[in-house]
Amino acid sequence: MKVLGAWSLLQTCTIILLSHRQLIPAEKVQTVSNHNVNPCCNYPCHNMGVCVRSGLSGYDCDCTRTGYSGENCTIPRSNLIPSPPTYNSKYGYLNWEAYYNHTYYTRILPPVPEDCPTPMGVKGKTTLPDPKMLVQKFLRRQTFNPDPQGTNLMFAFFAQHFTHQFFKTHNRMGVAFTKALGHGVDAGHIYGDNLARQLNLRLLKDGKLKYQLVMGDMYPPTDAYAKVNMSYPPAMPPEHRMAIGQEVFGLLPGLSMYATLWLREHNRICDVLIKEHPTWDDEQLFQTARLIVIGETIRIVIEDYVQHLSGYLLQLKFDPELLFNSQFQYQNRISLEFNHLYHWHALMPDSFIIDGDDVPYSQFIFNTSLVTHYGIEKLVDAFSRQQAGQIGGGKNIHPVIIGVAEDVIRESRELRVQPFNEYRKRFNLKPYESFLQLTENEEMAQELEEMYGDIDALEFYPGLLLEKTRPGAIFGESMVEMGAPFSLKGLMGNPICSPEYWKPSTFGGQTGFNLVNSATLERLVCLNTKWCPYVAFRVPYESQREEKSSFSKNEL
């Protein structure tokens, strides 16, 4: 199970959407020669950067979470992601195959050369620590650490559901390969990652997807009806084998819940389009509804998902037009490093509290009957009220899923991922000088020193999870500053955000465009359920615990 979610990764990216300013060259802004004059009086820091006076005549610009870097916060962080792509796991040098072959994940940094004296280059010991020992000592949960930002399971499952449309390692070919050839937000987790799967999931009438009715409510069809391959245990009863665009989404009821919501939303959109365009055939209705769903997804990711984790009081807004006057390439390739970075398993709790029932993992995993038993309304309400775990700082991954973290470490070694500090430098961050500086925990730092021998030999994934967290935050600096550029490129690089696509006609006219521009998490839920539960990405404050949604069906 890989939990995503673009949070911190997306947090910085949205601020670029809030600023519509002409970029200014990155040289230091000239200040008044009189050293008694505060240089911040010249307002040298752009794009919401904070000016801090240093010495008598100097200053620094704090570009934290602005979406920009450089001396005066004028360099967009999206530029940190190379486009066109550069390396992959076969080639550590530029060549046509690395660019053209989309079956590979791309890479930000080339692999560690095979003939280096140590596994991490020249630093550290000649043998890396045992992965199982690493995860048991540093990542395995002792006591559940809740996220101080109040992140809930509704967020955790959204993150996992959302990211598995582009994180799809093709294990049969090898860990360097991906089955998600779209390399971005294409809604392949809803419609399938190939045409044959898509056609089997489609009703082929009125643009809609196949479904089944259970107690009068719409749910994904059985795989016997849709005839698509799903990953279920052999003993799974046929009536519980839901057919979903992503073949592993029967694993967790939280994923099946989101699959049900998006299925209902797609078919609801088709009903809207049929009224607007009674002459359209099934194909045009389906394709236009898919574009609307992709647009709704991006808006929800930025305005709800990122809004929660940014912690900003101001309202973030998704507006592709802000980039129309900038040099920007509307294409994307998913990198191996982004895939590894987004393993957020510490979000998962010790058990799941649903409608007063305490459901352990043994009764939760591969149990789609929970979705139809409780219904979408009760699942949404329960997941919105249960707190998720803190990702950074270590020692917070549940023992049931700790093996996935071990697999990530093994994969990174097989693919010879460069050390954590090399990625710090690549993303314009100062490399750590010691394990103590990384963790601020003397016992952990000493043990890491004994295992790795040198901070410059620390591996990428352990470094991300063991880094000290920011005050009151879900994880540390590196996860934010490395993840944000990936997310900006992946979201705003989507074709629908381009000047050619971003217009009403793409979405079937103004009515369809309005669906995209009004999308929220709450609307996704409440327009597709019998009653509106409490729905958010944050657990409710104490005074809100008994309150339901603030909107009625009519208002939505």
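Our subject is the structure that appears above.
The present account deals with the structure reproduced in this document. Values in this document were obtained by computation on a predicted structure and should not be read as measured data.

Procedures and definitions
- Residues numbered from 1 in each chain as written.
- Predicted model: local features only at pLDDT ≥ 70, side-chain atom pairs only at ≥ 80, totals over all residues.
- Heavy atoms only, no water.
- Helix = DSSP H or I, 4+ residues; strand = E, 2+ residues; numbered from the N terminus.
- Areas by Shrake-Rupley, 256 points an atom, 1.4 Å probe, with all protein chains shown as cover.
- Polar contact = N/O pair within 3.5 Å; in protein donor to acceptor, adjacent residues only side chain to side chain.
- Contact = heavy atoms within 4.5 Å.
- Phe/Tyr/Trp six-rings, centres within 6.5 Å; stacked < 30°, edge-to-face > 60°.
- Lys NZ or Arg CZ within 6 Å of the ring centre and 35° of its normal.
- Salt bridge = Lys/Arg side-chain N within 4 Å of Asp/Glu carboxyl O.
- Core = buried A, V, L, I, M, F, W, Y, C linked by side-chain atoms within 4.5 Å.
- Buried < 20%, exposed > 50% of the residue type's maximum accessible area, 1.4 Å probe, protein only.
- Disulfide = S-S within 2.5 Å.

Another point: the overall build of the protein chain. Scanning the protein chain for helices and strands turns up 20 helices and eight strands. Of the roughly 22800 Å² of accessible surface on the protein chain, 51% is carried by carbon and sulfur atoms.

Turning next to the environment of Arg53. Along the polypeptide, Arg53 turns up in strand β1 (residues 50-54). The spatial distance from the C-alpha of Arg53 to the C-alpha of Asn38 is 7.0 Å, given a sequence separation of 15 residues.

Let us look at the side chain of Arg202. By the secondary structure assignment, Arg202 is in the loop between α6 (195-201) and β5 (212-214). Here the side chain of Arg202 touches Gln198 through a polar contact of 2.9 Å, side chain to side chain. Once residues lying within four places of it in the same chain are set aside, the contact partners of Arg202 are Lys208, Leu209, Lys210, Asp282, Glu283, Phe286 and Gln287.

The subject of this paragraph is the packing of aromatic side chains. Per the counting criterion, the structure on display carries 34 aromatic pairs. We note Arg264 situated over the ring of Tyr219; from NZ or CZ to the ring centre the distance is 5.2 Å. For the cation-ring pair, Arg424 lies above Tyr432, with the distance from its terminal atom to the ring centre recorded as 4.2 Å.

Moving on: the pattern of salt bridges. With the rule as written, the count across this model stands at 20 salt bridges. The shortest N-O distance in the salt bridge between Asp355 and Lys378 comes to 3.2 Å. Remark: Lys378 occurs in helix α12 (residues 369-385) and Asp355 occurs in the loop between β7 (352-354) and β8 (357-359); sequence separation between them is 23 residues. Note that Lys425 is salt-bridged to Glu422, the shortest N-O span being 2.9 Å.

If you look at the biggest cluster of nonpolar residues, it comprises 145 residues, and the most contacted ones within it are Met154 and Tyr305. Element by element, the count of residues in this core is highest for helix α9 (residues 282-310), at 13 residues. One finds Cys45, Tyr59, Cys63 and Tyr68 within the second-largest nonpolar core, a separate group that totals seven residues.

Take the state of the cysteines next. Applying the stated criterion to the full structure yields three disulfides. With its sulfur 1.9 Å from that of its partner, Cys40 forms a disulfide with Cys51. Classification of the bridge connecting Cys40 and Cys51 rests on its S-S torsion, roughly -80 degrees, and on that basis the disulfide is left-handed. You can see Cys40 sitting in the loop between α1 (7-18) and β1 and its partner Cys51 sitting in strand β1, a full 11 residues away along the chain. Judged by relative accessible area, Cys40 falls into the buried class, the value being 14%. Overall, Cys51 belongs to the partly exposed group, its relative accessible area being 24%. Note that Cys63 is cross-linked by a disulfide to Cys73, the S-S spacing being 2.1 Å.

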